[in-house]
Amino acid sequence: MKRQQKIASLLVYGVLLLLAFIFVAPVAMMVVGSLKPDARVLQEAGSLSGLLPHTIEWQNYADVFARVPFINYLFNSLFISVSIVVCGLLVNSLAGYAFSRLQWKGRDALLLLVVSLMIIPLEAIAVPLFYEVTLLGWRNTYLVQIVPFIANAFSIYLFYSFFLGLPRELEEAARIDGAGPWRTFFYIVAPNARPVFASVAILTFLTQWGSFLWPLMVTSSESVRPLPLGIAAFYTLPPLQWGDIFAFGVMMVLPVLLVFILFQRWFVQGVASTGVKG
Amino acid sequence: MANKLQHQQHRIAWNFVLPAMLGLLAFVLVPFILAIILSFTNLRLGSPLPMEFVAFTQYQRIFSDTAFLHGLRNNALFALLVVPVQTGLALLLALLINQSLRGMVVFRTLFFMPVVFPLSLVAVIWVLLFAPGPEGSLNSLLQLVSFGAWQPRDFLHDASWALPAITLTSVWQGVGFQMVILLAALQGIPQELYEAARVDGASSPQQLLFITIPQLRNALIFVILVTTILAFRLFDQVQIMTQGGPQYATTTVMYEAVNAAFASQQVARAAAMTVVFFVIVLLLTLVQRYWLKHEKVIE
């Protein structure tokens, strides 16, 4: 029996290692390729030496900065994503709180509306939204990439269900002490709701950091475009130099990867929380 | 007095929800209604013709448009490929990681890592992996495992390989997401069920089939729905890897809609396409709701 278990766990490790190779190899190829002379990246793409660093040259990184406004893309991505996360946390948590705890006319009807709006993906409304912002004269701005995504039905729903599960005693104690809803929310509720704030922040940030379709539709000037459009443009910019492209890729994913490794628990919980609804 | 307090709370509550409601109204509800209205017009940006009501003309047009029909077919095909592969792989990964062995957190991290990669970057990396010729990564790997029998091909420019290539790319990037959801569900299964099964002498495959899978039912339905909807949203990979080609082999509903809105400024036609897209998403969601309800009745 013991022997059988040992063989079984060896088998599990074997399968896991093979799978891990599939997930790691493309990333390793990118990181290693970014440190190699351009010509060798394609040459070695088909062999294991593509995954092993022979040389460490930073030339590709220098090339990225010389060929495209990388810092500009990076700033745009950070500015847009962080603005949406910060404004979104405030606006959506307040709404979620009002739906879960306050008494007011029209609450149930509006909650039903929010839940219904949850199933409308951006893609379903991208074209009329594009027309709408064209009429507003918002194209080619930061505004058009930030404002439409602050209010989010799914975030409101996540806050709403989390607040429903919080014990009421704390809030009641605050009310007896004479605190109004605003004070109660900011001093009592919000500090006790860190997990949901973290989940919503991470989900929003991930979505926005990778956002591609919308900025492609509403921007044409490189000065306001984010990183995903930057890499798409860089990839088609002749001459095709894979070392440079990979250097761009490494710098593009490094900020999220660092945050991911530091706050992994929150990432996994945040994603898992999207699955518990219903 | 009570009335005044109630009135006050009513006002404060509205202040709480107002910013979010205005945002949803202006940037979700209005565009949604606008999509339906515009799809019945002939609106074209920059056109000198006045906007007119044209009834179902746009719908008739898109349903006789080869490119759009290919897009619909490709989305369905992509869903048929990606949903079983991604859900099956996610389940396998979750089951493996759920073993009480050392180092599972490391593997979870590695499998989840691509989820934080932007799709645009993943698409670019995989273009190199799919490089044509014997020096391409996938071509040389396939040659190695087939002992040289594999004929190198240009995956992304081959009408029968381009969509499977995009599928592989999407599964690689997204499977960690589904894995984490299934893992959370697995860890929620009461251990007593397994203990009881072992007492009754159930083997591991029997436990998987008669305890794990039924207990995961709701999580699996959710994962399947999310993946199917994602399959119909397919855009980024196509735009970067194939531009819909070769010969419409990888075009999608969203790719055609964006093209209509841009290349030819045909906003009304593009709106009709996104309405079709939304109807599909809605039907999928209703099917899932029905499926979940059905389950509760059985209980």
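Residues numbered from 1 in each chain as written. Chains lettered and ligands numbered in written order. Predicted model: local features only at pLDDT ≥ 70, side-chain atom pairs only at ≥ 80, totals over all residues.

Attention now moves to the interface of chain A and chain B. As a measure of interface size, the accessible area lost when the parts come together is often cited. Contact residues are listed per partner, giving 71 residues for chain A and 74 residues for chain B. By residue number, the principal contributor to the side of chain A that touches chain B is helix α1 (residues 2-33) of chain A, which donates 11 residues. Class assignment of the residues belonging to the side of chain A that touches chain B gives a composition of 57 nonpolar, 11 polar and three charged. (Contact = placed C-beta atoms within 7 Å. Helix = DSSP H or I, 4+ residues; strand = E, 2+ residues; numbered from the N terminus. Nonpolar A, V, L, I, M, F, W, Y, C, P; charged D, E, K, R; others polar.)

To continue, consider the environment of A:Val115. All names here are of chain A. Topologically, valine 115 is positioned in helix α5 (residues 107-117). Valine 115 sits in the partly exposed class, given 16 other C-beta atoms within 10 Å. For valine 115 and phenylalanine 162, which are 47 residues apart along the polypeptide, the C-alpha to C-alpha distance reads 15 Å. (Buried ≥ 20, exposed ≤ 12 C-beta atoms within 10 Å, placed from the backbone.)

Right, let's get into the packing of α5(A) against helix α8 (residues 153-165) of chain A. Residues and elements named next belong to chain A. The geometry of α5 relative to α8 is characterised by a closest axis approach of 8 Å and an angle of 125° between their N-to-C directions. Between α5 and α8, the crossing angle belongs to the class labelled oblique. The crossing of α5 and α8 is left-handed. Facing α5, whose interface residues are Val114, Val115 and Leu117, α8 presents Ala153, Ile156 and Tyr157. (Axes fitted to C-alpha atoms, helices over the stretch in contact; angles between N-to-C directions. Parallel < 35°, antiparallel > 145°, perpendicular 65-115°, else oblique. Left-handed = near helix turned anticlockwise from the far one by under 90°.)

Attention now goes to helix α6 (residues 137-145) of chain B. Residues and elements named next belong to chain B. Ser137, Leu138, Asn139 and Ser140 are the residues of α6 that are buried. Its buried side turned inward, α6 meets α5 (119-129). Directly beyond the C-terminal end of α6, a positive phi value near 50° is found at phenylalanine 147.

It is worth spelling out the confidence of the model for chain B at this point. Residues and elements named next belong to chain B. Per-chain confidence: chain B averages 88 in pLDDT, with 97% of residues scoring 70 or above. No element of chain B has a lower mean pLDDT than helix α13 (residues 267-298), at 83, and none a higher one than helix α3 (residues 66-97), at 94. Model confidence for the complex: the whole-complex pTM is 0.90, and ipTM, which rates the interface, is 0.91. (pLDDT = per-residue confidence, 0-100.)

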